Amino acid sequence: MTKRDTKSTSIIPELERLRDDMRALVVVPVIKKTGRGAAEAAVSVSTRSDESRLEEAKGLAIAIDLTVVEGLIVPVAQPKPGTLLGSGKIEEIGHLLSEHNAGLVIMDHPLTPVQQRNLEKEWNAKVIDRTGLILEIFGRRASTKEGTLQVDLAHLNYQKGRLVRSWTHLERQRGGAGFMGGPGETQIEADRRLLQDRIVRLERELEQVRRTRQLHRAKRKKVPHPIVALVGYTNAGKSTLFNRITGAGVLAEDMLFATLDPTLRRMKLPHGRTVILSDTVGFISDLPTHLVAAFRATLEEVLEADLILHVRDMSDPDTAAQASDVLRILADLGIDEAARKERLVEVWNKIDRLEPEAHDALKEKATHTEGVMALSAITGEGVDALIDLVNDRLSGVMTEGSVTIPVDRLHLLPWIYEHAHVEEREDLEDGAVRLELRLSASDSIDLERRLGLAPKLDDSENW
C-alpha cells in the first residue's frame, strides 16, 4: 500500500469502509406541500400510488443486480434546497445504512447536484437519483453500437451538470508561461469543456446513425412492407408478444428494461401480406427529457409505423397511469390524439394473470371496444385474433374475386402471392393460371395496372 493509499483509508471509519456498494436502500420521497416551492423541488410528481412507486424503484434496482435491503416511503412536507429531506429523516436513513451494511442509496426523485453531494457527505455513501439509476440500466442493456452511443450521450448530458469540485490540488491550470501567464481555466471548466467535446462527437455519430436509418427506411419504402411497432410501459410484455408472433429469440424476462435495442423482423400475415414488426425500448414514468432526445433515433421507428400496438399489462393495478405515461411520450414524439385514433391499437396483455371473473369481464369489454384486443402473450390466447385485426387494419376492406393470369404475365405470380390471399388455383391447358383471391381494394387496382388491363373477373361485384 502506498503512502497515498494509507492516508486515504485512514480518514474513513472502518465500518463505513466495509460497506457493500451492491446493497442498496431505496427511498421514495413523497412531496406533500403544494405551491411554488414544491414545484421547484419536485420536477415531476407521479400520479400512481406511493406503494407502486416503491415497488417500481425496487424493480429498477434489481434490474442491475443490486440487493435491496429496505425500501422507505418518506413524506416531505417542506423540501430542503440543500438535501431535499429533513435532518431527522437523514439521520434515520444513516442508521439504516449502518445497520444493513449498505453503501448505496437510491432516491426515486430528481436530485440537484448540490443535494446529491450533500446527501453523500451526510451518509458517507453513494447516492443516485431516478435518472442516474435509469442510465445505469440503459448502460447495461445496450448491446449495439447505436444503443451504446445513445446511452453515452444521455449519460454525458446528465453528468455535465453534476461536476462539483472535490479537490484543491488543482485550483487553476496555468494559462501561460511565467508570470505573464494569467490564471487559466479551473479544473471544473476544463472537465466541462472535455465533456462538451465528447457530447459534440457523439451527436455527430448519432446523426450518422439517423441518416443510415433514413436510408434503410427509404429502401423499405421501395418494397412497401407496412411497419407495425410495439410500444408500451417497460415490462408490459412487448418482447414476449414479439417472440410469440415472429418466433424471434428476443430476450424476454420479468424485469424492467429487459431489452433496450430495437429489433425488427419480417412476418407474413395470414392473407399473404408481409409486414415488418418492430420491438422498441420500454417507456417509464418521469423519463428524463435528454433520454428521450438521445433515443429519438430509435423511437423514430414508431413515428414511421403504419400501425402502433400499445401493449399494456392489465394485471398491474397502475395500468391506467402507465398508459398515460406512454401516451404522453408518444405525444412528445409528435403522435397526437388524431394520429392515435388512426394508427394505434391497444393490446391488453397478461390476462392470464387475472382471476377468472376479471379475465372474462375484461375480454367482454375488449370485444365491445373499438381498437382494443385482450390477450396473453405467454399462453397465446387472443394472439391469432390480434394478427387478424392487424391484417384488417393494414389491408383496409378486403375484396374477393377470381382472375386469369395469361402466360405472358405469369411473372406476376410471386407478387400476387405476397399481396393477396390465394384461396384456390387452377392451371389451365393453355398455360394460363386462374386464381380465386382475397385482397385489398388498393392492391386490386395495382394488380389491374400490372396486368395492363382490367382483370377478367367472374365476380366483378366483389372485386
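Fair warning: this is a prediction, and the values are worked out from it, not measured in the lab.

**Student:** I would appreciate a short explanation of the sheet that holds strand β3 (residues 102-107) in the present structure.
**Tutor:** Two orientations exist for strands paired in a sheet by backbone hydrogen bonds: parallel and antiparallel. The four strands lie next to each other as β2-β1-β3-β4, forming an open sheet whose pairing is parallel. Each end of this open sheet is capped by a strand with a single partner; those strands are β2 (67-76) and β4 (126-129). With strand direction ignored, the average angle separating the axes of adjacent strands in the sheet is 25°. Together, β3 and β4 form the strand contacts of helix α7 (residues 130-141), whose direction differs from that of β4 by roughly 90°.

**Student:** Which parts of the structure should I look at to understand the pairing of strand β7 (residues 274-279)?
**Tutor:** The side chains of a regular strand alternate between the sheet's two faces. Buried residues dominate β7, accounting for six of its six residues. Because side chains alternate across β7, one face comprises the buried residues Thr-274, Ile-276 and Ser-278, and the other comprises Val-275, Leu-277 and Asp-279, equally buried. Sheet topology places strand β5 (residues 227-232) next to β7; four bridges connect them, and they run parallel. By the bridge assignment, Leu-230 is partnered in β7 with Asp-279. Taken together, the six bridges between strand β6 (residues 263-268) and β7 define a ladder with antiparallel strand orientation. Pairing of Arg-265 across the sheet is with Leu-277, part of β7.

**Student:** For this particular structure, what's the right way to read the sheet that holds strand β8 (residues 307-313)?
**Tutor:** Taken in spatial order, the six strands make up an open sheet running β6-β7-β5-β8-β9-β10, and their pairing is mixed. Each having just a single partner strand, β6 and β10 (372-374) make up the two edges of the open sheet. With direction set aside, neighbouring strand axes in the sheet form an average angle of 25°. In this fold helix α10 (residues 238-246) packs onto β5, β6, β7, β8 and β9 (344-349), with an angle of close to 155° to the strand it touches most, β7. On top of the sheet, helix α13 (residues 319-333) reaches β5, β8 and β9; it is set at about 150° to β8, its chief contact.

What counts, and at which threshold
Residues numbered from 1 in each chain as written. Predicted model: local features only at pLDDT ≥ 70, side-chain atom pairs only at ≥ 80, totals over all residues. Heavy atoms only, no water. Pairing = 2+ DSSP bridges. Helix = DSSP H or I, 4+ residues; strand = E, 2+ residues; numbered from the N terminus. Axes fitted to C-alpha atoms, helices over the stretch in contact; angles between N-to-C directions. Contact = heavy atoms within 4.5 Å. Buried < 20%, exposed > 50% of the residue type's maximum accessible area, 1.4 Å probe, protein only.

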